[in-house]
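Okay, here's what each chain looks like letter by letter:
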Amino acid sequence: MASAIGIAACTGRGDPVPAPALRPIPSTAASDEPALQPVEDDVETNAATTGIIEWREIVDGVEDGFLTVPLDYAEPDGATIELYVTRHRATRDDARIGALLVNNGGPGSAASSMGINATRWFGEPITDRFDVVAWDPRGTGISGGSVDCIDDDEYDTFFARPDITPDDDAELAELRELSERFAQRCIDRVGPALAYIGTNNSARDLDAIRRALGEQQVSFFGFSYGSELGATWATLFPTTVRAAVLDGAADPDADSFESSRQQRIGFETALSTFLADCSADSECDFHNDGDAEGAFDDLLSRLDDDPLEVSDDRADVNLGVAVTGVARAMYNDGFWPALERALSDAENGDGAGLLQLQDSYYQRTTDGEYTNLLESFQAILCADDPKRLTIEQADAEALELLEFGPRLFPYTAGSYACTFFPDAVDPRIAVTGVGAGPILVVGTTGDPSTPLDSSRNMAAALEDGRLVVVEANQHTGYNANACIDDTIHDYLIQLVAPPSETRCS
């Protein structure tokens, strides 16, 4: 990671004033590498897929509806799918700027709730002035192409019971068989749509929503994977970008190995911080006489050898369940007290707390139902990734990755995430943002999932990426402090882009 240069301090919470609805539309600069700039925002392409949304009011100021879009944009007259779209109208008509399209990440999250619950996601400076528009991306929620590969009662079988450190060929074969069976389920249940749920098509959907709204330009606010979606849209449709915030941005140029390496370092660093804090604090439930680190290693070793039974109808808390639960708690230090208790309880023979954290990661409800997040997540990643590792290559990568997260990611076998999925027909394009104007990229110092390195790489990949560094132990930076909120609000409302490497403490 490059050293921070020219860091600007910012404090306070001002009341931004309305700004012009559109920024000047730039000319699209010529590129020495046309393949890196697949601009699609031409009139002919747009006119071929313009649809309408028939809005229905849910409550005062909040609406929903469906938009029909092509399954394959290369065949606009072919098969179609419907996108479920929601909108929270700007509360101040006199100050309305335009539409702000939003995405909460994943990939695989059904984002439509962001429009319905816009006031919970965003501050008044945004909800006063923007129509907050959200949608379930294709392959998620109730939009078309939804990925539902396994039944709710099979989640433990596929995601909790497998041994992540197989001791013999039989256990290794079981992991491989589960991965192949999962992929085949996705192929059989999703059908032809599986090939068209990648990020490129979601970015085209975003532009289709813009056209259905009748807006010349729109703004965008994406969290986590939403940053990748927003950057792809800004690369494909640069003249339609009024402003874009990419919060918790992933490295757009990282392949699957490099992305895993970055994340493992991020999560391992967060865990080290948690354990060091616990060792230094005698009030920590997992203090263990100042050696939380040693106690953690001993606990996970015991869980690998002797998992804890919680109930007859659930998977035992083995090493895989434990590390998934711990990883869930690393997303925000607000979860750390719960993790302290869960680890202490497990140390005393009760694994319920760790199982509950794992259930939170998989978005399991109290009645035993799951969202399709993990299924959509894998399917979308494989639609974006042109690489298909063989079993042998995946196993070799797993051993190579061990050094980057030995405490939290002790996997000794490959994930085979895309090994058994069909080849990608439309891999995600290279991100450039050429012609889109200044784009605000937010990176957080203690972000385990999209470490600051990856957000800095996103800013560098964009033609005019402006990185703002937030000092906090959490994934994504918005709402971490007044400084970052004001910076984002000023940019979205007044189109004031801060200098890159601005820091919010």
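Conventions and cut-offs
- All residue numbers refer to positions counted from 1 along the written sequence of the respective chain.
- Since the coordinates come from a predicted model, pLDDT governs what is reported: local features require at least 70, and pairs of side-chain atoms require 80 or more to be given and counted, while whole-chain, interface and lining totals use all residues.
- Based on all heavy atoms of the structure, the side-chain values leave hydrogens and waters out of the count.
- Helix and strand definitions follow DSSP, with helices as H or I runs of at least four residues and strands as E runs of at least two, each counted in order from the N terminus.
- Only the C-alpha atoms count toward the radius of gyration. The rule for a globule is 2.2 Å times the residue count to the power 0.38.
- Note on exposure labels: buried denotes an accessible area under 20% of the residue type's maximum, exposed denotes more than 50%, and partly exposed covers the range between, all computed with a 1.4 Å probe on protein chains only.
- Residue contacts are defined here by distance: any two heavy atoms, one from each residue, within 4.5 Å place the two residues in contact.
- A score between 0 and 100, pLDDT records how confident the predictor is in each residue.
- Note that patches include only residues with greater than 30% relative accessible area and no salt bridge, and the join distances are 9 Å for like charges and 5 Å for nonpolar side chains (Val, Leu, Ile, Met, Phe, Trp, Tyr).
- For the area figures, the Shrake-Rupley method with a 1.4 Å probe applies, and any residue is considered shielded solely by the protein chains shown.
- Salt bridges are counted wherever a side-chain nitrogen of Lys or Arg sits within 4 Å of a carboxyl oxygen of Asp or Glu.
- Here, nonpolar core refers to any group of buried Ala, Val, Leu, Ile, Met, Phe, Trp, Tyr and Cys residues whose side-chain atoms link them within 4.5 Å.
- Note on disulfides: each one is a pair of cysteine sulfur atoms within 2.5 Å.
- DSSP calls a pair of strands paired once it identifies at least 2 bridges connecting them.
- To define axes, lines are fitted to C-alpha atoms, for helices over the stretch in contact only, and angles between the resulting N-to-C directions are given on a 0 to 180 degree scale.
- Whenever a nitrogen or oxygen atom comes within 3.5 Å of another N or O atom, the pair is scored as a polar contact, on the condition that within protein one atom can donate a hydrogen and the other can accept it, and that pairs from neighbouring residues in sequence are kept only if both atoms are in side chains.

**Details of the overall build of the chain**
Each helix and strand in the chain was counted, giving 17 helices and 10 strands. In terms of overall dimensions, the chain is globule-like: its C-alpha atoms have a radius of gyration of 23 Å, near the 23 Å expected for 505 residues. Dimensions of the chain, computed from C-alpha atoms along their principal axes, come out at roughly 60 × 50 × 50 Å. Looking at the chain residue by residue over its 505 residues, the buried ones come to 55%. Sequence separation of at least 24 residues holds for 76% of the intrachain contacts in the chain that already meet a minimum separation of 6.

**Notes on the confidence of the model for the chain**
Looking at the chain as a whole, the pLDDT averages 90, with 90% of positions reaching at least 70. This model gives residues 1-37 a pLDDT under 50, and the stretch forms 78 contacts once residues within four places in sequence are excluded. Note that pLDDT drops below 50 for residues 43-48; the model gives that stretch 8 contacts with residues more than four away or on any other chain.

**Let's talk about a nonpolar patch on the surface**
Together, I58, V59 and I116 make up a nonpolar patch on the protein surface, roughly 220 Å² of accessible area in all. Along the chain, V59 falls in strand β1 (residues 56-59). On the basis of relative accessible area, V59 is assigned to the partly exposed category, the value being 48%.

**With respect to helix α13 (residues 352-361)**
All of the buried residues in α13 are G353, L354, L355, L357, Q358 and D359. Taken together, the buried residues of α13 touch α5 (155-160), α10 (292-305), α11 (319-329) and α12 (336-347). Positive backbone phi, at 60°, marks Q363, one or two positions downstream of α13.

**Focus on the nonpolar core**
Counting residues in hydrophobic clusters, the biggest one holds 71 residues, and the most contacted among them are L101, I209, W233 and L246. Of the residues forming this core, the biggest block, 7 residues, is contributed by helix α6 (residues 169-190). By size, the runner-up hydrophobic cluster in this structure holds 38 residues, among which are A292, L308, L343 and A346.

**Structural notes on the side chain of T444**
Structurally, the position occupied by T444 is in strand β8 (residues 439-444). Using a relative accessible area of 0% as the deciding quantity, one classes T444 as buried. Here T444 is in contact with L452, V470, A472, Q474, T476 and G477, once residues within four sequence places are set aside.

**Side note on the state of the cysteines**
A complete count under the given rule lists 4 disulfides for this structure. Note that C278 is cross-linked by a disulfide to C284, the S-S spacing being 1.8 Å. For the disulfide bridge between C278 and C284, the dihedral angle about the S-S bond is near -80°, and by the sign convention the bridge is left-handed. Exposure remark for C278: the relative accessible area of 2% places this residue in the buried category. Under the relative-accessibility criterion, C284 is labelled buried at 5%. In this model, C483 is linked to C504 through a disulfide, with the two sulfur atoms separated by 2.0 Å. Disulfide C483 to C504: torsion about the S-S bond roughly -65°, handedness left-handed. Here C504 lies in strand β10 (residues 502-504) and C483 lies in helix α17 (residues 482-494), a separation of 21 residues in the sequence. This pair shows no difference in class: C483 is buried, exactly as C504 is.

**Digging into the sheet that holds β8**
Strands sit in the order β1-β2-β3-β5-β4-β6-β7-β8-β9-β10 across an open sheet of 10 strands; the sheet is mixed. The sheet is open, and its two borders are formed by β1 and β10, each paired with just one other strand. Sheet twist, expressed as the average angle between the axes of neighbouring strands with direction ignored, equals 25°. Across 4 bridges, strand β4 (residues 98-103) lies against strand β6 (residues 218-223) in parallel orientation. Across the sheet, L100 pairs through a bridge with S219, a residue of β6. The sheet strands contacting helix α16 (residues 452-461) are β7 (241-247), β8 and β9 (465-470), and the helix crosses β8 at an angle near 170°.

**Considerations on the side chain of S376**
Within the element layout of this structure, S376 appears in helix α14 (residues 373-384). One polar contact links the side chain of S376 to the main-chain carbonyl oxygen of G139, over a distance of 2.9 Å. Ignoring sequence-local partners within four residues, the contact set of S376 consists of P107, G108, G139, T140 and V147.

**Digging into unusual backbone geometry**
At the junction of G106 and P107, the peptide bond is cis and its omega measures out at -5° in the coordinates. In this structure, Q363 is a non-glycine residue whose phi angle is positive, near 60°. With respect to the helices and strands, the residue Q363 is situated in the loop between α13 and α14. Overall, Q363 belongs to the partly exposed group, its relative accessible area being 34%. Phi angles above zero are rare outside glycine, and L495 is one such case at about 60°. Inspection of the secondary structure assignment puts L495 in the loop between α17 and β10.

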